[in-house]
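Each chain, letter by letter, is given below.
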Amino acid sequence: MSTPTPHNNAKLGDIAETVLLPGDPLRAKFIAETYLEDVVQYNTVRGMFGYTGYYKGKKISVQGSGMGIPSIGIYSYELIHFYGVKNLVRIGSAGAINENLKPHDVVIGMGACTDSRYAAQYDLPGTYAPIASYELMQKAIKKAKEQGTHVTVGNILSNDVFYSDAGLDNLAKWKKMGVLCVEMEAAGLYMNAARAGVNALAILTISDCPFTGEECSAHDRQVAFTKMMEIALELA
């Protein structure tokens, strides 16, 4: 496939080697307008905005990736294979499973459990364990400490279903295994990156606590999760 792709207006060279991937394209717009200099918008297809600019003199891109593994699977695959991206950092929201996590807490996904069958395409003779890039994770933890941001590092869950017929029963089972929080994309991102030999990391902000009913507003999810954004921007 040549560029532009069916999902991206960008031409080869328009996108930096490091891309931040918020699920919400409006969060991508906020980051570009708030943090980046000399910004150029390279994608508008399907409203999944993408921008390239400079943060502290380093070239970096930010692009919406949508909701769910199928969506981030498409965008991350094209970024890796058609645009030469080497570092992909998901910055998204998550629901707390661990009772010690509260809204606005930051979590780094060392590994990503999943109920998705995304790994079936690889025809592996066993169960694959999607994990983050150690290089990116180590750097993110270091930058968080420098910024004075507490992060919780551990296993997360990438669910295929948002409105589960099982209610909270399934999350309670993952809780017993020490899983920190639930989102819907990281496992697919980690698999695409592993298969291509590039780096991926998920940095998440707790937006809600399913077991207690605490939650952030849609506006907060779009513009107030700045701590994870500022960690991710330092990874360029």
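Each residue is numbered by its place in its chain's sequence as written, counting from 1. Note on the predicted model: pLDDT of at least 70 is required for a residue's local features to be given, and 80 or more for side-chain atom pairs to be given and counted; whole-chain, interface and lining totals, by contrast, use all residues. The side-chain values count all of the structure's non-hydrogen atoms but skip hydrogen atoms and water molecules.

Asker: What exactly am I supposed to notice about the pairing of strand 9 (residues 199-209) here?
Answerer: Regular strands have side chains that alternate between both faces of the sheet. Across the eleven residues of strand 9, ten count as buried, placing the element largely inside the fold. Two strands make a pair as long as DSSP finds a minimum of two bridges between them. Where helices and strands are cited, they refer to DSSP runs of H or I of at least four residues and of E of at least two residues respectively, numbered from the N terminus. As defined by bridge partners, strand 5 (residues 87-96) adjoins strand 9 across nine bridges and the pair is classed as parallel. Counterpart to V89 in the pairing with strand 9 is L201. Summarising the sheet, strand 6 (residues 106-114) and strand 9 pair through three bridges and their orientation is antiparallel. Bridge pairing in strand 9 places V106 opposite T205. Of the strand pairs in this sheet, strand 9 and strand 10 (residues 214-215) are connected by two bridges, and their pairing is antiparallel. Burial here depends on accessible area, computed with a 1.4 Å probe over protein chains only, as a share of the maximum for the residue type. Under 20% is buried, over 50% is exposed, and the range in between is partly exposed.

Asker: Got a minute to help me understand the packing of aromatic side chains in this structure?
Answerer: Each aromatic ring pair is described using two quantities: the centre-to-centre distance and the angle formed by the ring planes. Any two of the Phe, Tyr and Trp rings considered here, Trp counted by its six-membered ring, make a pair once their centres fall within 6.5 Å; the pair's planes then place it as stacked at under 30 degrees, edge-to-face at over 60, or tilted in between. Overall, the coordinates contain three aromatic pairs when judged by the stated rule. With centroids separated by 6.5 Å and ring planes inclined at 70°, the aromatic side chains of Y35 and Y55 adopt a geometry described as edge-to-face. Placement of the pair is Y35 in helix 1 (residues 25-35) and Y55 in strand 3 (residues 50-55), with a sequence separation of 20 residues. Each member of the pair, Y35 as well as Y55, is classed as buried. Taken together, a centroid distance of 4.8 Å and an interplanar angle of 80° make the contact between F162 and Y163 edge-to-face. The burial state of F162 is the same as that of Y163; both residues are exposed. If you follow K175 out to its NZ or CZ, it ends over the ring of F211, 5.1 Å from the centre. By definition here, charges over rings are those cases where NZ of Lys or CZ of Arg is within 6 Å of the ring centre and within 35 degrees of the ring normal.

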